[in-house]
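What follows is each chain in one-letter form.
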Amino acid sequence: MKSNSIKKLTLPLFVLVICSIIVFLMSTFRPEPPKTSKRATEYGVAVVKAVNGDFQPYIPLYGFVESPMNAQISAAITSDVMKVLVNEGDFVEKGQLLIELDEIDYKLNLQDREADLADIIAQIKTEKLQYENNKEAIIHEESLLKITKEELNRAAKLYKKKLGSESTLEQAKSAVERQVLSYNSRKLAIDLYDLRLQQLVAKKGRAEAAVERAKRDLDRASIVSPFSGRVASVFVSSGDRVNPGAKIISVYSLEQLEVRADINSSDISIIRDVLANNGSLNAIGKIEGGEINLQLDRLSGRTEKGRTGVAGLFKITSGTEKITLGRFLEFDLKLPAKPDLYSVPLQAIYGDNRVYVAKDGVMNQVDVLRVGRQKLPNGDIMALIESDSLESGDDIIVTQIPNAIQGLRIKVIGSGDSN
């Protein structure tokens, strides 16, 4: 009984030991998996050969058409619009009648002012004639005064001698007093002549000014073009009532059209040097299937808030008939030709100032300066760069690789010419 119990316990232990030995031997002597070596990822890239030469760069620019001679004509009088003789977009000549306002009230006002002036001119003539008459009359007044005084002396002598009556003496005194008053009145009129004449001349000046204002108001009833150009906008129509300051019409000069375009700060130094040496920079734009020619006239005197560059102002030298005010325009500014430049595809540029050269199976960063663009005969656009670190024959990588860095392993899978 006891031996049977020992056998029951020994058998499971024996099986467990045997299984453990088998597992140990299998784990110890199992074959090892083949080892794999880690290799750095290689990017396939295309390259072009660096070839330097003389090129004329251009800079693509974008701007809007504007005009310093853009007249916003407003009403200067209160009146009704009688006729609108032009429409938006019409070409007009200097002095051409654009809009007629009702002028009847201003014609009547001018007649009133002219009548006032004529009246004052007549008063001045009358005053001068009166002055000449007073100068002659005062001589007679003086003679009469002398005579009346002599009569008074005779009457006084006769009265003292009891040969004349008291009434005769009183009459002689009255005659002298009357003549003195008449003489003094005439003399005062002569003395006041200059003062009255000055007053009348001042009134004449005011009347003349009133006539000129009336003429000016009458002229303002006819709205004419201040220069040759094109109608940008018409703000009124026949029958409208306008008051001083109300916008009526807008006209801009075709001869003064210009394009305002922002120029990057990296290109400003080149442009300033050309302008400082009295050089000219020309540009060509495409519009409606044709070309317009421009010339850089000047640089803006201020930088707009939030911008780093400077605005260039370009005169339109030909093709103005195709341009309208406020139009967006794309054009190419031609820069002076420059030696030792490299022409590379645009996609070869990383950021704004570096390219990568394929050498010894890795990417090598080269800092460059972009000086403009070049257009190939087939229409392709190339970037023109310069760098002291590039050499003719270098393989410039034209494949854009995300997170490209110095030393990244590459494999050249294609090549071509840069131009």
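Since the structure is predicted, the reported quantities are computational estimates derived from the model, not experimental observations.

Peer 1: It is not clear to me how the pairing of strand β11 (residues 247-252) should be interpreted in this structure. Could you clarify?
Peer 2: Along a regular strand, successive side chains alternate from one face of the sheet to the other. With five of its six residues buried, β11 lies for the most part within the structure. Of the pairings in the sheet, the one linking strand β9 (residues 229-234) to β11 comprises four bridges and is antiparallel in character. Bridged to Val 231 within β11 is Val 251.

Peer 1: When you look at the pattern of salt bridges in this model, what are you seeing that I'm missing?
Peer 2: Think of it this way: side chains of opposite charge can pair up when their charged atoms draw near. Overall, the coordinates contain 17 salt bridges when judged by the stated rule. For Lys 49, the salt bridge is made with Asp 395, and the minimal N-O distance between the two is 2.8 Å. Linking Lys 49 in strand β1 (residues 43-49) with Asp 395 in strand β22 (residues 395-397), this pair joins segments that are 346 residues apart in sequence. The exposure class of Lys 49 is partly exposed, given its relative accessible area of 40%. Among the salt bridges present, the one from Glu 103 reaches Lys 107, with a minimum N-O distance of 3.1 Å. Take Glu 103: its relative accessible area is 26%, and that puts it in the partly exposed class. Accessibility expressed as a relative area gives 38% for Lys 107, which makes it partly exposed. Each of Glu 258, Asp 297 and Arg 298 takes part in one network of salt bridges that share partners.

Peer 1: Would you mind going over the sheet that holds strand β6 (residues 91-92) with me for this structure?
Peer 2: Consider a sheet: its strands pair through backbone hydrogen bonds, and that pairing is either parallel or antiparallel. If you walk across this open sheet you meet the four strands as β4-β11-β9-β6, and the pairing is antiparallel. Of all strands in the sheet, those bounded by a partner on one side alone are β4 (70-74) and β6. With five bridges connecting them, β4 and β11 associate as antiparallel partners. Bridge assignment links Ser 74 to a residue of β11, and that residue is Lys 247.

Peer 1: It is not clear to me how the side chain of Ser 387 should be interpreted in this structure. Could you clarify?
Peer 2: Position of Ser 387 among the secondary structure elements: in the loop between β21 (381-386) and β22. Owing to a relative accessible area of 15%, Ser 387 belongs among the buried residues under this scheme. A distance of 2.8 Å separates a polar side-chain atom of Ser 387 from the backbone oxygen of Asp 367. Within the local environment of Ser 387, its side chain forms a polar contact with the backbone nitrogen of Ser 389, the two atoms lying 3.1 Å apart. In this structure Ser 387 touches Tyr 342, Val 366, Asp 367 and Val 368, once residues within four positions along its chain are discounted.

Peer 1: Please explain the nonpolar core as it appears in this structure.
Peer 2: Among soluble globular proteins, nonpolar side chains are generally buried collectively. In this structure, Leu 98, Ile 99, Leu 101, Ile 248 and Ile 249 are the most contacted members of the largest nonpolar core, which totals 31 residues. The set of elements that each furnish at least two residues to this core consists of β4, β7 (97-101), α2 (104-160), α4 (193-219) and β11. Here this core gets seven residues from one element, more than from any other, and that element is α4. With sequence-adjacent residues up to four places away left out, Leu 98 is seen in contact with Lys 83, Val 84, Leu 85, Val 86, Val 92, Ile 223, Val 224, Ser 225, Ile 249 and Val 251. Membership of the second largest hydrophobic core comes to 28 residues, among which are Leu 254, Ile 271, Val 274 and Ile 316.

Peer 1: Is there a simple way to think about the pairing of strand β20 (residues 369-375) in this case?
Peer 2: Strand direction decides the pairing type here: β20 and β21, joined by six bridges, are antiparallel. The residue of β21 that forms the bridge with Gln 374 is Met 382. Hairpin connection from β20 to β21: five residues lie between these consecutive antiparallel strands, with Gly 379 at a positive phi of about 95 degrees.

Peer 1: What is the right way to look at a nonpolar patch on the surface in this model?
Peer 2: Residues Ile 18, Ile 21 and Ile 22 make up a contiguous nonpolar surface patch of about 240 Å² in total accessible area. Within the secondary structure, Ile 21 sits in helix α1 (residues 2-28).

Peer 1: Would you mind going over the sheet that holds β7 with me for this structure?
Peer 2: Taken together, the four strands give an open sheet; going across it, the order is β8-β7-β5-β10, and neighbouring strands pair in antiparallel fashion. Because the sheet does not close on itself, it has two edges, and the strands there are β8 (222-224) and β10 (241-242). Bridge count for strand β5 (residues 79-84) against β10 is two bridges, and the pairing is antiparallel. Note that in β10 the partner of Asp 80 across the bridge is Arg 241.

Parameters at a glance
- Residues numbered from 1 in each chain as written.
- Predicted model: local features only at pLDDT ≥ 70, side-chain atom pairs only at ≥ 80, totals over all residues.
- Heavy atoms only, no water.
- Buried < 20%, exposed > 50% of the residue type's maximum accessible area, 1.4 Å probe, protein only.
- Helix = DSSP H or I, 4+ residues; strand = E, 2+ residues; numbered from the N terminus.
- Pairing = 2+ DSSP bridges.
- Salt bridge = Lys/Arg side-chain N within 4 Å of Asp/Glu carboxyl O.
- Polar contact = N/O pair within 3.5 Å; in protein donor to acceptor, adjacent residues only side chain to side chain.
- Contact = heavy atoms within 4.5 Å.
- Core = buried A, V, L, I, M, F, W, Y, C linked by side-chain atoms within 4.5 Å.
- Patch = residues over 30% accessible without salt bridge, like charges linked within 9 Å, V, L, I, M, F, W, Y side chains within 5 Å.
- Areas by Shrake-Rupley, 256 points an atom, 1.4 Å probe, with all protein chains shown as cover.

In short, shape yes, function no, at least from these values alone.
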